[in-house]
Amino acid sequence: MGVPFEALMPYAICLAFFGVTGAGMSKIRHMQNGGKRSRHSVDQWDRQMMDRDRRLTGYLRGQTDRPIAPAGFEFSNGWRVEKGII
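Since the model is a prediction, treat every value here as computed from it, not as a measurement. (Residues numbered from 1 in each chain as written. Predicted model: local features only at pLDDT ≥ 70, side-chain atom pairs only at ≥ 80, totals over all residues. Heavy atoms only, no water.)

Peer 1: Can you help me understand the environment of R37 in this one?
Peer 2: Residue placement: R37 occurs in the loop between α1 (5-32) and α2 (44-57). The exposure class of R37 is exposed, given its relative accessible area of 73%. Placed 11 residues apart in sequence, R37 and S26 show a C-alpha to C-alpha distance of 9.7 Å. (Helix = DSSP H or I, 4+ residues; strand = E, 2+ residues; numbered from the N terminus. Buried < 20%, exposed > 50% of the residue type's maximum accessible area, 1.4 Å probe, protein only.)

In structure tokens:
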């Protein structure tokens with residue numbers, strides 16, 4: 001005797017929702033990375049370069065080829081140094 005399809009409907013619905021959620025999460029991550037694939041095993045150097053790119057372009061993964069830096073990029077690193085006592 002076969003299994004009626006009504007018994008399999010909840011499993012099909014759950015599977016469909018997992019598929020829709022996975023596709024949506026993949027699309028959101030793709031959009032957040034500026035249309036590029038997500039990065040794995042990001043070390044300190046990569047974080048530093050991605051922060052520099054974010055300050056230059058406004059996007060974490062964006063890059064630019066303009067020879068002149070935009071306003072607000074007067075210093076080369078993100079750390080501000082306090083004035084010395086002299």
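After presenting the structure, the write-up continues.
Peer 1: Please clarify how the pattern of salt bridges should be interpreted in this entry.
Peer 2: Pairs can form between side chains of opposite charge once their charged atoms are near each other. A complete count under the given rule lists four salt bridges for this structure. Taking the shortest distance from any N to any O, the salt bridge between D46 and R39 comes out at 3.4 Å. Since its relative accessible area comes to 37%, R39 is described here as partly exposed. The shortest N-O distance in the salt bridge between D51 and R55 comes to 3.7 Å. (Salt bridge = Lys/Arg side-chain N within 4 Å of Asp/Glu carboxyl O.)

Peer 1: What exactly am I supposed to notice about the UniProt feature "transmembrane region" (unreviewed entry) in the protein here?
Peer 2: Mapped onto this numbering, the UniProt entry annotates "transmembrane region" (unreviewed entry) at residues 7-28. Taken end to end, residues 7-28 has its terminal C-alpha atoms 33 Å apart, with 100% of it in helix and 0% in strand. (UniProt positions renumbered as here; feature names shortened; annotations may be inferred.)

Peer 1: Please explain a nonpolar patch on the surface as it appears in this structure.
Peer 2: Side chains of F5, M9, I13 and F17 sit close together on the surface and give an oily, nonpolar patch of about 440 Å² of accessible area. Following the sequence through the fold, F5 ends up in helix α1. Exposure remark for F5: the relative accessible area of 56% places this residue in the exposed category. (Patch = residues over 30% accessible without salt bridge, like charges linked within 9 Å, V, L, I, M, F, W, Y side chains within 5 Å. Areas by Shrake-Rupley, 256 points an atom, 1.4 Å probe, with all protein chains shown as cover.)

Peer 1: Explanation requested: the side chain of D53 in the structure shown.
Peer 2: If you trace the backbone, D53 turns up in helix α2. Excluding residues that lie within four positions of it along the chain, D53 makes contacts with G58, Y59, L60, G62 and Q63. (Contact = heavy atoms within 4.5 Å.)

Peer 1: Help me understand α1, please; the structure alone is not making it clear to me.
Peer 2: Since the α-helix advances by 3.6 residues per turn, residues separated by three or four positions end up pointing in the same direction. Between its first and last C-alpha atoms α1 spans 40 Å; for 28 residues at 1.5 Å apiece the expected length is 40 Å, and the two agree. Residue G34 follows α1 closely and has a positive phi angle near 70 degrees. (Expected span 1.5 Å × (residues − 1).)

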